Each structure stands twice: as C-alpha cells, then as structure tokens.
Amino acid sequence: MSGRLQGKVALISGTARGQGAAARERFVAEGATVFGGDLNTSTGEAHLDVTDEASVAAWIQRAIDAHDRIDILYNNAGAVRFAAVDDQSLEDWRFTLAAELDSVFLTCKRAWPHLKASRGVILNVGSTAGLTGSMTNQRAAHSASKGGVIALTRQLAAEGAPHGIRVNSISPGMIATPGARENLLAPHHPMRAIADAIPLGRLGTEQDVTPAAVFLCSDEAAYITGANLVIDGGWSVVLPGAQQMKENE
Ligand SMILES: NC(=O)c1ccc[n+]([C@@H]2O[C@H](COP(=O)([O-])OP(=O)(O)OC[C@H]3O[C@@H](n4cnc5c(N)ncnc54)[C@H](O)[C@@H]3O)[C@@H](O)[C@H]2O)c1
C-alpha cells in the first residue's frame, strides 16, 4: 500500500540518521511532504535543537513559511547519557531530560496552534525504558524521561481531543540504529547479548518501527489517541527464557 499520508505535511525531528532518517524516507514514500530537522546538518537537514525553544520556534516557522500547514509532528530526536544513579551527574541527568522530555514539550507547544488548525496528529517516541526497569542498563534519567513522554502523550491526548488533535506514542525496544550501536550495542556492553532475551529472536531495525509510525500518523488511526504502541519483539512483556527454550529445541 502507498499514499497513506498523501497530502500531509509532516515535521520529523532527528532526521539525520537512525529512526528519523528511515521515517523521512518512508513518510515520503507514503505521499507526505516531510520537513525534517536535526542538530546534525551535515546531511542537509534543517538546523534544529529540540532542547532550545527559540530553535524549535524557528523550525516550526520555517515549515509554516514553506508549506503553510502542519498535519503531523513526529517527535523522534533524542540523546541520552547513561550512568548508574550514584554516578550520574546532575548535568548529565538534565542533558537527558532536556533532549528527551523538554524537547517533546517544546515542539508540541510550538506546533499546537498549527495542529489545532489542521486537526493534526502528534507521534512521540517513548521507549520500553519508560515502562520497565533494567538490570543490564543503568538508565535512571532515560527511564524517567521516556516514562515522562508516555505520560505527557496521554495528557496531550486529553487536551488535544476537543481540537481534533490525536496524540500517540511508540515505544521501541532495542533497535539497531547508529545511536544504539554507539553505546548499548558497542562490543564491550552487556546489552549486546540482549537479542537472546528478545522473544522474536533478534534486534529491531528502523524498518520495524516506521510502519507503526505511518499507521498512527495516518487517517487509518482516526479513532486512536493516547495509545503507546510497543515495538520490541515481545521483550518487555515476556519473562526471560527464550534462550533456554531455543537450547531445549
Ligand atoms: N535505538 C533504540 O534502541 C531506541 C529504543 C527506544 C527508543 N529510542 C528512541 O528513538 C528515537 C530515535 O533514536 P535513534 O536510535 O534513531 O537515535 P540516533 O542517535 O541514531 O539518532 C538520533 C538523531 O537525533 C538527533 N538529535 C539528538 N539531539 C538532538 C537535538 N537536541 N536536536 C535535534 N536533533 C537531535 C541526532 O543528531 C540524530 O540524528 C530517540 O528518541 C530514542 O530515544 C531508540
């Protein structure tokens, strides 16, 4: 199927690589006009710092100047600093909360009047980190920010409903993006072996995520708001044991 986002203007943050780059490609293939943005402009993205309100406001204005409307806001950009809670500096905590949670507030706030006008859609990116604790990855700030994103999604779904704005989140599990490869999937990291504990038996790819994003941003999801769709191969809902079962086969 194609053309599921035909005629829609979609703003996607963090389009320089990873899930954002894949989303841009897929949204265009589905007929959307995509206005991307990223801190990294080396791939030709518009400059955007999602932690900075003036930068967010300028990005939204550029999109309006170019396309006159916003139908979809896809809050994908994020950055994280992991540490054990007693080693986490306040600076790194704040860096993570700014990049992952302030960012969503700022883009939603600034896009809101335009989404009211179009009766548009917001898609936020949570994480299984916002739903579960982890014995393998010490990630207090990331868990707090992604849990915050999921809670914020529900509140904005309530505030958006009277205006016809739908607000949902997706929560990926372990997706083998450049960002993940730099830390959690680096050779020394214990998370590298995590695929063994994923019931579907492998890490996710960007292409596992984009169809869910297309669906939630399309009119096919017209009656879905406040949802958090987990995309994790069953990781967060099935107790470890997949490896043992494989060994017993
Ligand atoms: N990869 C995973 O396993 C995984 C799992 C769950 C959730 N997520 C979430 O998915 C989203 C995308 O992650 P990814 O794995 O593709 O990451 P990535 O690091 O590969 O790409 C993130 C992109 O966001 C951009 N970015 C970072 N800070 C920014 C800022 N302040 N302003 C604008 N752009 C900024 C980066 O330059 C980069 O292009 C993030 O919100 C992340 O938390 C990822």
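See the structure above.
Since the model is a prediction, treat every value here as computed from it, not as a measurement.

Novice: Before we go on, may I ask you to explain the packing of helix 2 (residues 53–67) against helix 3 (residues 90–118) in this structure?
Specialist: Geometry of a packed helix pair, given as the angle between the helix axes and the separation of the axes. Their axes nearest at 9 Å, the elements helix 2 and helix 3 cross at an angle of 30°. Between helix 2 and helix 3, the interaxial angle falls into the category roughly parallel. Along this stretch, helix 2 crosses helix 3, giving a crossing that reads as right-handed. Along the contact surface, helix 2 presents Glu 53, Val 56, Ala 57, Ile 60 and Ile 64, while helix 3 presents Leu 106, Thr 107, Arg 110, Ala 111 and His 114.

Novice: I'm lost on the packing of helix 1 (residues 18–29) against helix 6 (residues 206–217) in this one. Help?
Specialist: Running from amino to carboxyl end, helix 1 crosses helix 6 at an angle of 55°, the nearest separation of the two axes being 9 Å. Judged by the inter-axis angle, helix 1 sits oblique to helix 6. Note on packing geometry: the crossing formed by helix 1 with helix 6 is right-handed. Contact residues: helix 1 offers Gly 18, Gln 19, Ala 22, Ala 23, Arg 26 and Phe 27, while helix 6 offers Glu 206, Gln 207, Val 209, Thr 210, Ala 213 and Val 214. When grouped by side-chain class, the residues that make up the contact of helix 1 with helix 6 number six nonpolar, four polar and two charged.

Novice: Whenever I open this one, the site of the ligand confuses me. Can you help?
Specialist: The full set close to the ligand counts 28 residues, and Gly 14, Gly 18, Gly 78, Thr 177 and Gly 179 are the nearest of them. Broken down by secondary-structure element, the contributors of at least two residues to the shell around the ligand are helix 1 and helix 5 (178–182). A per-class count over the shell around the ligand returns 13 nonpolar, twelve polar and three charged.

Novice: Which parts of the structure should I look at to understand the pairing of strand 5 (residues 166–172)?
Specialist: For a regular strand, the rule is simple: side chains alternate between the two faces of the sheet. The buried count for strand 5 comes to seven of seven residues, which makes it a mostly enclosed element. The alternating pattern of strand 5 places Arg 166, Asn 168, Ile 170 and Pro 172 and Val 167, Ser 169 and Ser 171 on opposite faces, both of which are buried. One ladder, built from five bridges, connects strand 4 (residues 121–125) with strand 5; its direction is parallel. Across the sheet, residue Ile 122 finds its bridge partner in strand 5, namely Val 167. Between strand 4 and its parallel partner strand 5, the chain crosses via helix 4 (residues 140–160), and the hand of that crossover is right-handed. Both strand 5 and strand 6 (residues 228–231) contribute to a ladder of four bridges, which runs parallel. The partner of Pro 172 across the bridge, within strand 6, is Ile 231.

Novice: Explain the sheet that holds strand 1 (residues 9–13) here, please?
Specialist: Sheet architecture is open: six strands sit in the order 2-1-3-4-5-6, paired in parallel fashion. The sheet is open, and its two edges are formed by strand 2 (33–37) and strand 6, each paired on a single side. In this sheet, neighbouring strand axes are inclined to one another by 15° on average, regardless of whether the strands run parallel or antiparallel. Most of the contacts of helix 1 go to strand 1, to which it runs at about 170°, and overall it touches strand 1, strand 2 and strand 3 (72–75). Along the sheet, helix 4 makes contact with strand 4, strand 5 and strand 6, crossing strand 5 at roughly 165°.

Cut-offs used in this document
Residues numbered from 1 in each chain as written. Predicted model: local features only at pLDDT ≥ 70, side-chain atom pairs only at ≥ 80, totals over all residues. Axes fitted to C-alpha atoms, helices over the stretch in contact; angles between N-to-C directions. Helix = DSSP H or I, 4+ residues; strand = E, 2+ residues; numbered from the N terminus. Parallel < 35°, antiparallel > 145°, perpendicular 65-115°, else oblique. Left-handed = near helix turned anticlockwise from the far one by under 90°. Contact = placed C-beta atoms within 7 Å. Nonpolar A, V, L, I, M, F, W, Y, C, P; charged D, E, K, R; others polar. Near = placed C-beta within 6 Å. Buried ≥ 20, exposed ≤ 12 C-beta atoms within 10 Å, placed from the backbone. Pairing = 2+ DSSP bridges. Right-handed = clockwise from strand over helix to strand, strands pointing away.

Any functional reading would require information that these geometric values do not contain.
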